[in-house]
Amino acid sequence: MKAASLGLVFFPAFDWAITPTHPEREERLLYTRDQIVEEGLLDLPAIKEYRPQLAGLADIERVHIGVPNIESLITDAHLLSAGGAIAAAQAVMRREVTNAFALVRPPGHHAMRVVHGTRGFCTINIEAVMVEYLRRHYGVQRIAIVDTDVHHGDGTQDIFYHDPDTLFISFHQDGRTLYPGTGAMSELGSPGAFCSTVNIPLPPGTTDAGLHEVLDRLVLPMLEDFRPDMIINSAGQDNHYSDPLANMAVTAQGYARLAEKLKADIAVLEGGYSIEDALPYVNTGIILAMAGLDYSRVIEPDNARCPRQSVATTNYIAKLVAEWQDIWQGRDRLRREAVAKAGGWWQQRRNIYYDDSGIQERQTETVRLCPRCHGYQLIDTQAQGYPFGMKSAFAAIIPRNSCPACRAQARDAVHKARQAGRHDCCFIQDKQEDILVPCGT
Amino acid sequence: MLLGIDVGGTFTDAVLIADGQVVAAAKTPTTRQSLLNGVVTVIDKVLTGVDAKKIRRAALSTTIVTNALVEGKTDKVALFLLPGPGLNVTGLIPGEPHFLSGYTDHRGREQACPAEAEVAAVCRKLEDHEVAAVAAKFAVRNPRQEQLVTDWVNKYLQPKHITLGTQVSGSLNYLRRINSAYYNSAVWRIFSRFAQAIEAALAERDIIAPVYILKADGGTLPLTTAKSTPVEAIFTGPAASVLGIMALTKPVEPAISLDMGGTTTDIALWQHGMPLFAPDGARVKDYPTAVRSFCLRSVGIGGDSYVRRENGLLAVGPMRCGPAMANGGLAPAVTDALRVAGLIDYGDIGLARQAMERVAEATQTAAEAAWETLRLAAATVCQAVQDMLAEQAARPVYKVEELVAGRPFKPELLIGVGGAASGLAPLVAKQLELPWQIPPGHMVANAVGAAAARPTTEITLRADTAQGFYTVPELGVIQEFAKRRFTLQDAWTAAGTHLAERAAAGGMAEAADCSERLYEEEFNLIRGFNTIGKIMTCKLQIKPGVLMPVQMREAEL
């Protein structure tokens, strides 16, 4: 058997920042670079380094609908970060390596399908761009995304909320105590994709023990049941006990063991803002674990200050796990019930706040539940913020396997919206034709 | 006059250079068993009728260190490591590591103290070791713990030689520093003996000039300094040819150079008149080291490469079976093909034809077999060149600007040197669709390179203005300064002073004027939402290069 080997795309973007003093700044992966280079990891035969590439606009628009367009909202750094994830995926698909880790920035998991600006440090969702690239170019169908960032992966959830072929599992610090506030257990996917969204909100103070309890008793069995063709890890490193933006108590060992058990085909870096005390050790641990090397000696120098898990937290997690096991066991029945209850249509109205750009978005999403295909989705969005004032858009999303009737209906809806003239822009995102068509008004 | 000697895998060459002209050249087969014999023979040849006292500098490139490593004639090294948290290096390094407590973090802050009792205990177990090496993780950010442990090892083990990781490199990469320090100690004794023998042989011939040893990065070191860092003398053969090309013809356009010798062709890439460097360092027996070297690739094609048919298919190299038949050898070689094809005019044409008839297919003439051989040899070299260019294009970069604006390396010229170049290099150039050049003197380019190479050294200065100190690991310097009152300009000024200091200590004070900035990095340290300082890294080197351009008249070849 061929020994495990890891493809590493390391792109610290040393010349890019949201703002000079923002947590997402030039310095963020500096100490990680120092540690990786000092350890000599790039010289190990089990690790092969890859250069990122510039993702194309078509790769981005396969996922996102930028208002008024995506070009005006992103920089080259975003294209390189997404291109880094794609490079990692290619290395795995070409079987040059057994798995890959895109250690890139800026991150992406808070970027939703519709993009008006930057939220949660993210503008484009680099995992989602990579996932759709894998589907388009390699025909990979069933994909599981395990989001291990401390923040709920609301952007990734949004993008795959109606897709039964994508199992999105996010465990995170409970949204009642942390940005972005979402990620409750009740967010389970729209009826057509019921239970392909799995949210596991954990109490603050969860340690390695709590995390591995959730992993062993929920996440790994769910993956086994789902039988994905590929497992993607949205690898946020901010569950660490030293992270300044969250309140969890996970260590580098906890993360490395997680990487070892999860056996993700591709991991993509997300958050993690304890740039000096956590990232060098957590990233080294994950790299070693993914490369099949001994990570037992990766221990933070200040490890002793990591808090212990309280009994209350342990009990809370046990209860949460039991509750989720029940839902998961009954998922087929629950899904049938949800579809029956919805009839042909499902709708949600949301307010979405872009913390980095100060934009307030109001969105209505309408999903057509078609008995013959995956239906289609209509999005009506209106955003308010500096410097543009108000902007609005209407979009139809036609999934890969849509039936002719749904295709026609979706197009028709956009044409009607265009004629009504109430929106600044109209779009058809046609996944079958792999094209995003802006329709002028 | 400058005397240059190159000990190659097949031949040992020597040249004398006066006023930028090669005035004498000599060649003798390399004596593998005793390198010194060949060196002495070739010196006597080139010095015939010359007043040895007029030589003002002698420089030597030698395979002594490479051979010692390949043949395993190295000493057992007592290896002391302070690895802190991280990768378990057991099994990834040559020799047996002895792990000690103590850890310095990535910003040079001491996180755990080393223990003297541990060092004493290890020393008791290793009493029969005569040489030692000490390497601590992140010692380049603060060499104090490495120095402390070295003092203890000297106290309890009293080795004849001890190498510190920071002494061999000031760059991040603990694994490479361990390997470099280990090999440096492992070859110390054999190199010291060789150096003493050379000194004695030169003195016997009234050569009183200072003696230099060529390094893998193309610079030279005074022999006396080289005795403490012999690992720098690995892979000097290819470095010598690169320097030779620099002296004989400095390409202004992006270029590929091929040093086509008896056994191998060494490929180098050129930009702005300078060869490209390997990003991290040379590999020794599959172990990565921090020894700075040119970006080189070696392929097993040379004049003596063995030509035969294997299951009907023609094969060339990578091994050799002695000289070509045209030169009195027993087996067909590339030189025979070159002779039959009429691309060279030395060696016995009759014997060469016999060689080609032996590898020809039933329907083939000797000339056709010769051309088939040459096409295959050239294609093998071309493939290696293409691989190297692809590797260069895939090299990772860490900034947006470098990826968006960076242009791939695209060669516009091919330069051939070495014994097999005149026949073979034009064929490679044709396949690569490049113009070519074979400079006069190419047959002894390596010796010219050794003679003309300039002394070099480098230093790394890293300042942390939030903590208020800088380090220069190669010199073991830790210097405090007023917090935050230190600018990048101050860093460069201090680096200049320390480079001059290192040059003077290495007996090359005059070379310090040719310094160049190798690398600069500056990051703001933000804590909370405030800038609390800067982290700066400056690398300054005495530029590798040649003392003067060198010319050679064709008649002297």
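Residues numbered from 1 in each chain as written. Chains lettered and ligands numbered in written order. Predicted model: local features only at pLDDT ≥ 70, side-chain atom pairs only at ≥ 80, totals over all residues. Heavy atoms only, no water.

**A word on the overall build of chain B**
Here is step 1: Broken down by element type, chain B carries 16 helices and 27 strands.
Here is step 2: Over its C-alpha trace chain B gives a radius of gyration of 25 Å, about what one expects of a compact globule, namely 24 Å for 557 residues.
Here is step 3: Over its C-alpha atoms, taken along the principal directions, chain B stretches across nearly 80 × 60 × 50 Å.
Here is step 4: By residue count, 61% of the 557 residues in chain B fall in the buried class.
Here is step 5: Summed over all atoms, the accessible surface of chain B reaches about 21900 Å², with 51% contributed by carbon and sulfur.
Here is step 6: Positive and negative side-chain charges of chain B, numbering 54 and 56 respectively, have mean locations separated by a distance of 3 Å. (Helix = DSSP H or I, 4+ residues; strand = E, 2+ residues; numbered from the N terminus. Rg over C-alpha atoms; globule rule 2.2 N^0.38 Å. Buried < 20%, exposed > 50% of the residue type's maximum accessible area, 1.4 Å probe, protein only. Areas by Shrake-Rupley, 256 points an atom, 1.4 Å probe, with all protein chains shown as cover. Lys, Arg positive; Asp, Glu negative; His and termini not counted. Charge placed at Lys NZ, Arg CZ, Asp CG, Glu CD.)

**Some points on the UniProt feature "domain: Hydantoinase/oxoprolinase N-terminal" (unreviewed entry) in chain B**
Here is step 1: According to UniProt, the positions carrying the feature "domain: Hydantoinase/oxoprolinase N-terminal" (unreviewed entry) are residues 3–156 of chain B.
Here is step 2: Within the segment residues 3–156 of chain B, helix and strand shares are 27% and 31% respectively, and the terminal C-alpha atoms sit 44 Å apart. (UniProt positions renumbered as here; feature names shortened; annotations may be inferred.)

**A look at the packing of helix α7 (residues 252–262) of chain A against helix α8 (residues 279–290) of chain A**
Helix packing for two helices is described by the angle between their axes and how far apart those axes are.
Residues and elements named next belong to chain A.
Here is step 1: The N-to-C vectors of α7 and α8 enclose an angle of 25°; their axes lie 8 Å apart at closest approach. Relative to α8, the element α7 is oriented roughly parallel. Once α7 is placed against α8, the crossing between them reads as right-handed. Contact residues: α7 offers A252, Y255, A256, A259 and E260, while α8 offers Y281, V282, G285, I286, A289 and M290.
Here is step 2: Of the residues contributing to the contact of α7 with α8, the split by class is 9 nonpolar, 1 polar and 1 charged. (Axes fitted to C-alpha atoms, helices over the stretch in contact; angles between N-to-C directions. Parallel < 35°, antiparallel > 145°, perpendicular 65-115°, else oblique. Left-handed = near helix turned anticlockwise from the far one by under 90°. Contact = heavy atoms within 4.5 Å. Nonpolar A, V, L, I, M, F, W, Y, C, P; charged D, E, K, R; others polar.)

**Comments concerning the sheet that holds strand β12 (residues 220–222) of chain B**
Residues and elements named next belong to chain B.
Here is step 1: Pairing in this open sheet of 6 strands is mixed, and the strands run β3-β2-β1-β4-β11-β12 from one edge to the other. What marks the edges here is a single partner per strand, and that holds for β3 (21–29) and β12. When the angles between neighbouring strand axes are averaged without regard to direction, this sheet yields 20°. (Pairing = 2+ DSSP bridges.)

**Concerning the environment of A:G175**
Residues and elements named next belong to chain A.
Here is step 1: Here G175 is to be found in the loop between β7 (166–173) and β8 (197–202).
Here is step 2: Residue G175 is classed as buried on the basis of its relative accessible area, which comes to 14%.
Here is step 3: C-alpha of G175 to C-alpha of H152: the two residues are 23 residues apart in sequence and 7.2 Å apart in space.
Here is step 4: Not counting the four nearest positions on each side in its chain, G175 is found in contact with G181 and T182.

**Comments concerning the domain arrangement of chain B**
For an interface, size is often stated in terms of accessible area lost upon the parts coming together.
Residue and element names in this part refer to chain B.
Here is step 1: Here the domain parsing of chain B yields domain 1 (77–186) and domain 2 (458–542).
Here is step 2: Contact with domain 1, which involves 16 residues of that partner, is made by 17 residues of domain 2.
Here is step 3: Across the interface of domain 1 and domain 2, roughly 1200 Å² is buried in total on both sides, 45% from carbon and sulfur atoms.
Here is step 4: Of all residues in domain 1, the largest losses of buried area upon contact with domain 2 belong to R107, R141 and G170, amounting jointly to 48% of the total for that side.
Here is step 5: Inspection of the domain 1/domain 2 interface yields 1 salt bridge.
Here is step 6: Salt-bridge contacts for R107 lead to D464; the nearest nitrogen and oxygen are separated by 2.9 Å.
Here is step 7: Here domain 1 and domain 2 share 6 residue pairs in polar contact (both at pLDDT 80 or more) between them. (Domains from an automatic or database assignment. Buried area = accessible area lost by both parts, 1.4 Å probe. Salt bridge = Lys/Arg side-chain N within 4 Å of Asp/Glu carboxyl O. Polar contact = N/O pair within 3.5 Å; in protein donor to acceptor, adjacent residues only side chain to side chain.)

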